[in-house]
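Structural features, examined
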Amino acid sequence: MTAAASIPHPNPLPARGEREPSDSEAGEGQRNVPVIAIDGPAASGKGTIAFNVATALRFHYLDSGALYRLIALRAMEQGIGVEDAQTLAVLARDADVTFEAGRAMLHGRDVADALRTEAVSTVASRIAVHGAVRGALLARQRAFREMPGLVAEGRDMGSVVFPDAKLKVFLTASAEARAERRYKQLIAKGISVNIDGLLRDIRERDIRDTTRAAAPLVAASDAKTLDTTELSIAEVTTAVLALYRERDTAA
Ligand code: DC
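Residues numbered from 1 in each chain as written. Predicted model: local features only at pLDDT ≥ 70, side-chain atom pairs only at ≥ 80, totals over all residues. Heavy atoms only, no water.

What to know about the overall build of the protein
As a reminder of what qualifies: The numbering of helices and of strands both runs from the N terminus, where a helix is a DSSP run of H or I of at least 4 residues and a strand a run of E of at least 2. Using a 1.4 Å probe on the protein chains alone, a residue whose accessible area is under 20% of its type maximum counts as buried, one over 50% counts as exposed, and one in between counts as partly exposed. Contact definition: two residues touch when any of their heavy atoms are within 4.5 Å. What sets the accessible areas is the Shrake-Rupley method with a 1.4 Å probe; for residues, cover comes only from the shown protein chains.
The helix and strand tally for the protein stands at ten helices and eight strands. Among the 251 residues that make up the protein, the fraction classed as buried is 52%. Considering only intrachain contacts with a sequence separation of at least 6, the fraction spanning at least 24 residues in the protein is 79%. Accessible surface, the protein as shown: approximately 10900 Å² in total, 54% of it carbon and sulfur.

Encoded structure:
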């Protein structure tokens, strides 16, 4: 989902300096808050679907990829190398990132559009391989877990960040279908792109995201996998809501 930057984030990230819960505390008070974890590869539609589900249920919404993108952009601006895990981890912990009225802000600047470039996508994917960076973002992501509930989307929402999520969904779609979706989104925005280049980028990112040692993109063992290649956004949203209602009724 490329247009996530225009999605309103109902709750801001804690600003720098604000206290965030530790990993163990995050489990304590928040255990009763239901989480729907939606994971999947680049351009699988998870951003749009997660946002639609959050809106339908009036839940909070976390676009975890935006956090990786914000750190990537900051690193690019500061000339920090993608291999410098320790400096990147400090950045991930301390960077002043917030979401205001649906716009991603970096140290007070609206960077929502800058986050969606292919250059930032690539750097985000490359810095996401570092366990230290992922660890630094863990508490920040868990801080989104607030009543009445959270829909969290990314790569490891069900497997690592919210292992106790009430519902875990893993969205898949062929690389060709995903490249075509992204192509249409960019063309609609007036950005001219080459579909073969998009397909190559998506395949490269898939390989990096699925083969990294730290929290690789993988369906949690208890996740429901939905292949969206032939489905519309509305159909997938309805399917996820139906799965959640099933769980809710069974609970
Ligand atoms: O979802 P996205 O395309 O905006 O994510 C950008 C990159 O961030 C993606 O290539 C991998 C990384 N990422 C991750 O490793 N774990 C997440 N939960 C979300 C994103």
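Having seen it, we continue.
As for the sheet that holds strand E3 (residues 97-100)
For clarity, the cut-off: When DSSP finds two or more bridges between a pair of strands, those strands are recorded as paired. Orientation is described by lines fitted to C-alpha atoms, with helices fitted over the stretch in contact, and by angles between N-to-C directions that extend from 0 to 180 degrees.
Judged by pairing direction, the sheet is antiparallel, and its three strands sit side by side in the order E3-E4-E5 without closing on themselves. Of all the strands in the sheet, the pair left with one neighbour each is E3 and strand E5 (109-110). In this sheet, E5 lies alongside strand E4 (residues 103-106) in antiparallel orientation, the contact comprising two bridges. Along E5, the bridge assignment pairs Leu106 with Arg109. Where helix H3 (residues 64-78) meets the sheet, its contacts fall on E3, E4 and E5, and the angle it forms with E4 comes to roughly 35°.

Remarks on the side chain of Lys168
To keep things clear, this is the line we draw: We define a polar contact as two N or O atoms separated by no more than 3.5 Å, with the added condition that, inside protein, one atom must be a possible hydrogen donor and the other a possible acceptor, whereas residues neighbouring each other in sequence contribute only through side-chain atom pairs.
Tracing the sequence through the fold places Lys168 in strand E7 (residues 167-172). Lys168 sits in the buried class, given a relative accessible area of 5%. Engagement of the side chain of Lys168 in a polar contact is seen with the side chain of Asp222, the distance being 3.2 Å. Discounting chain neighbours no more than four positions away, the residues touching Lys168 are Ala37, Gly158, Phe162, Pro163, Ala220, Asp222, Ala223 and Lys224.

Side note on empty space enclosed by the protein
To keep it simple, the criterion reads: Of the two site types, the cavity is a set of points on a 1 Å grid over the protein atoms alone where a 1.4 Å probe fits but cannot get out, and the pocket is an open set with protein on both sides within 12 Å along at least five of seven lines, each lined by residues with an atom within 4 Å of a point. Grid points are joined across faces, edges and corners, and a volume is the space filled by probe spheres set on the points. All amino acids are sorted into three groups, where Ala, Val, Leu, Ile, Met, Phe, Trp, Tyr, Cys and Pro are nonpolar, Asp, Glu, Lys and Arg are charged, and the leftover types, Gly among them, are polar.
Tallied over the entire structure, the rule returns three cavities of 30 Å³ or more. Roughly 320 Å³ of volume is contained in the largest cavity. Around the largest cavity, the lining comprises 26 residues; the ones closest to its centre are Lys46, Gly65, Arg69, Arg155 and Arg205. The element best represented in the lining of the largest cavity is H3, accounting for five residues. The class makeup of the residues in the lining of the largest cavity is eight nonpolar, six polar and twelve charged.

Observations concerning the nonpolar core
Going by this rule: The criterion is simple. A nonpolar core is a set of buried Ala, Val, Leu, Ile, Met, Phe, Trp, Tyr and Cys residues joined through side-chain atoms within 4.5 Å.
Ranked by size, the top nonpolar core spans 39 residues in total, and within it Leu62, Leu70 and Phe162 carry the most contacts. For this core, the element with the highest residue contribution is H3, accounting for eight residues. The contacts of Phe162, once residues within four sequence positions are left out, are Val35, Leu62, Gln141, Arg142, Arg145, Leu150, Ala152, Met157 and Lys168.

Observations regarding the confidence of the model for the protein
We count it as follows: One confidence number per residue, pLDDT, is output by the predictor and ranges from 0 to 100.
Taken residue by residue, the protein gives an average pLDDT of 87. The fraction at 70 or more is 88%. At the level of individual helices and strands, the protein shows its lowest average pLDDT in helix H1 (residues 23-30), which scores 56, and its highest in strand E1 (residues 35-39), which scores 98. In this model, residues 1-25 is a region of pLDDT below 50 whose contacts with residues beyond four sequence positions or in other chains number 65 contacts.

Comments concerning H3
So the rule is basically this: Expected helix span is taken as 1.5 Å per residue step, with the number of steps being one fewer than the number of residues.
Between its first and last C-alpha atoms H3 spans 22 Å; for 15 residues at 1.5 Å apiece the expected length is 21 Å, and the two agree. Buried residues of H3: Ser64, Ala66, Leu67, Tyr68, Arg69, Leu70, Ile71, Ala72, Leu73, Arg74 and Ala75, and no others. Residue Asp63 occupies the N-cap position of H3, its side-chain oxygen lying 3.3 Å from the main-chain nitrogen of Gly65. Immediately beyond the C-terminal end of H3, within one or two residues, lies Gly79, with a positive phi of roughly 70°.

Describing the pattern of salt bridges
Two side chains bearing opposite charge may form a pair once their charged atoms approach each other closely. Definition in use: Any carboxyl oxygen of Asp or Glu within 4 Å of a side-chain nitrogen of Lys or Arg constitutes a salt bridge here.
Per the counting criterion, the structure on display carries 15 salt bridges. With its nearest N and O atoms 3.8 Å apart, the salt bridge here joins Arg126 to Glu83. Highlighted residues: Arg126 in helix H5 (residues 118-127) and Glu83 in the loop between H3 and helix H4 (85-94), separated in sequence by 43 residues. Classification of Arg126 as partly exposed rests on a relative accessible area of 35%. The class of Glu83 is exposed, set by a relative accessible area of 60%. Glu176 serves as the salt-bridge partner of Arg203, at 2.6 Å between the closest nitrogen and oxygen. Taken as a pair, Arg203 in helix H9 (residues 195-211) and Glu176 in helix H8 (residues 175-188) lie far apart in primary sequence, 27 residues in all.

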